[in-house]
Amino acid sequence: MFEIAAFTYGVLASFVLASITSNKRANRDNPRIVTLFGWGLMAFSLTLSLLLSGWVLYSTVGGGFAL
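Everything numeric here is computed off the predicted structure, so don't read it as measured data.

### Concerning the UniProt feature "transmembrane region" (unreviewed entry) in the protein chain
UniProt tags residues 6–22 and 34–58 as "transmembrane region" (unreviewed entry). Secondary structure content for residues 6–22 is 100% helix and 0% strand, while the C-alpha to C-alpha distance between its ends is 24 Å. Span residues 34–58 is 100% helix and 0% strand, its end C-alpha atoms 36 Å apart.

Take a look at the structure:
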């Protein structure tokens, strides 16, 4: 299941970055949907990194999660 999520995230991130680069080279504005997907991916990445950092910190301090 993790592999599918990582693959989907990678494909979306590659598409957004390729679209932004192509539009910048052609001196065009980005479509609104590309901008929204970019912001969504950035928010998802930030949220996931904060949650995982908190989990690592909690585990290091001595807490435990029942996974």
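### Quick word on helix α1 (residues 2–25)
Counting along an α-helix, one turn takes 3.6 residues, and residues three or four places apart therefore face a common direction. Its 24 residues place the ends of α1 34 Å apart at the C-alpha level, agreeing with the 34 Å of an ideal helix rising 1.5 Å per residue. Among the structural elements, α2 (32–61) are those in contact with the buried residues of α1. Among the residues trailing α1, Asn-27 stands out with phi positive, at a value near 60 degrees.

### Things to note about unusual backbone geometry
Although it is not a glycine, Asn-27 adopts a positive phi angle of roughly 60 degrees. Note on placement: Asn-27 falls in the loop between α1 and α2.

Reading the values: the criteria
- Residues numbered from 1 in each chain as written.
- Predicted model: local features only at pLDDT ≥ 70, side-chain atom pairs only at ≥ 80, totals over all residues.
- Heavy atoms only, no water.
- UniProt positions renumbered as here; feature names shortened; annotations may be inferred.
- Helix = DSSP H or I, 4+ residues; strand = E, 2+ residues; numbered from the N terminus.
- Expected span 1.5 Å × (residues − 1).
- Contact = heavy atoms within 4.5 Å.

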